[in-house]
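Next come the chains, spelled out residue by residue.
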Amino acid sequence: TPTEYLTTMEAFFVGAFSKAVASTVTFPAVRAKTKMTAFKKTHASAEQPPGMIETLQGIVDHGGFMALYAGIGPQISKGILQEALMLSIKERIGQLTSSLIVGGKQ
């Protein structure tokens, strides 16, 4: 049976959507990690940085729930385009490789 591939546009949109969802889910943890790293650089070396949960709670306490997503715009813009292009190219390479090996429609 022939393998069905996504069209370039389908792959582009699937890649964009998956990256948007993944970024939305993981961004609060990335933001907390960045704040924890900044804490280590700005405080005395003997002072223990807060953990992930404490950092996330501090962000919410200080700026509300949406503060967890402050700065996500540029991250999503860059990531979506990158992931969408990568998946589109990967899908097209898969089609070309398959047609070279097995023969068939390009």
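Residues numbered from 1 in each chain as written. Predicted model: local features only at pLDDT ≥ 70, side-chain atom pairs only at ≥ 80, totals over all residues. Heavy atoms only, no water.

1. A closer look at the overall build of the protein chain
Convention followed: Helix and strand assignments come from DSSP, with helices taken as H or I runs of at least 4 residues and strands as E runs of at least 2, each series counted from the N terminus. Atoms counted for the radius of gyration: C-alpha only. Globule rule: 2.2 Å times residue count to the power 0.38. For every residue, the accessible area obtained with a 1.4 Å probe (protein chains only) is divided by the maximum for its type, and the residue is called buried under 20%, exposed over 50%, and partly exposed between those limits. In what follows, residue pairs with any heavy atoms lying within 4.5 Å of each other are defined as contacts. Here, Shrake-Rupley sampling with a 1.4 Å probe gives the accessible areas, and only protein chains in the shown set may cover a residue. Counting rule for charge: Lys and Arg are taken as positive, Asp and Glu as negative, and neither His nor the chain ends is counted. In plain terms, the charge of a residue is placed at NZ if it is Lys, CZ if Arg, CG if Asp and CD if Glu.
Counting secondary structure elements, the protein chain contains 3 helices and 0 strands. What you see in the protein chain, going N to C, is helices and strands ordered as α-α-α. Rg of the C-alpha trace for the protein chain: 21 Å, well past the compact-globule value of 13 Å for 106 residues, more than 25% over. For the protein chain, the spread of C-alpha atoms along the three principal axes comes to 65 × 30 × 25 Å. Evaluated residue by residue, the protein chain yields a buried proportion of 22% over its 106 residues. In the protein chain, the share of contacts with a sequence separation of at least 24, taken over all contacts with a separation of at least 6, comes to 69%. With an accessible surface of roughly 7,700 Å², the protein chain has 66% of that area assigned to carbon and sulfur atoms. Between the averaged position of the 10 positive side-chain charges in the protein chain and that of its 7 negative side-chain charges there is a distance of 8 Å.

2. A word on the pattern of salt bridges
As a reminder of what qualifies: Any carboxyl oxygen of Asp or Glu within 4 Å of a side-chain nitrogen of Lys or Arg constitutes a salt bridge here.
On inspection of all chains with the given rule, the structure shows 1 salt bridge. The partner of glutamate 91 in a salt bridge is lysine 90, and the shortest N-O contact between them spans 4.0 Å. What makes glutamate 91 buried here is its relative accessible area of 10%. Residue lysine 90 is classed as exposed on the basis of its relative accessible area, which comes to 52%.

3. Points about the packing of aromatic side chains
Here is the rule we go by: Aromatic pairing here means that ring centres of Phe, Tyr or Trp (its six-membered ring) are within 6.5 Å. Orientation follows from the plane angle: under 30 degrees is stacked, over 60 is edge-to-face, and everything else is tilted.
Overall, the coordinates contain 2 aromatic pairs when judged by the stated rule. Note on phenylalanine 12 and phenylalanine 13: the rings are 5.7 Å apart at their centroids and 90° apart in plane angle, and the pair reads as edge-to-face. Classification of phenylalanine 12 as partly exposed rests on a relative accessible area of 24%.

4. Concerning the nonpolar core
Operational definition: Only buried Ala, Val, Leu, Ile, Met, Phe, Trp, Tyr and Cys residues count toward a nonpolar core, and they belong to the same one when joined by side-chain atoms within 4.5 Å.
Of all hydrophobic cores here, the largest spans 7 residues; its members are Phe27, Ile59, Ala67, Leu68, Tyr69, Ile72 and Ile76. The residues contacting alanine 67, other than those within four sequence positions of it, are Arg31 and Ile59.

5. Overview of helix α3 (residues 72-102)
What counts, and what does not: Take the number of residues in a helix, subtract one, and multiply by 1.5 Å to get its expected span.
The end-to-end C-alpha distance of α3 is 43 Å, a good match for the 45 Å that 31 residues give at a rise of 1.5 Å each. Of all the residues in α3, the buried ones are Ile72, Ile76, Gly79, Ala84, Leu87, Ser88, Glu91, Gln95 and Ser99. Where α3 is buried, its residues contact α1 (8-42).

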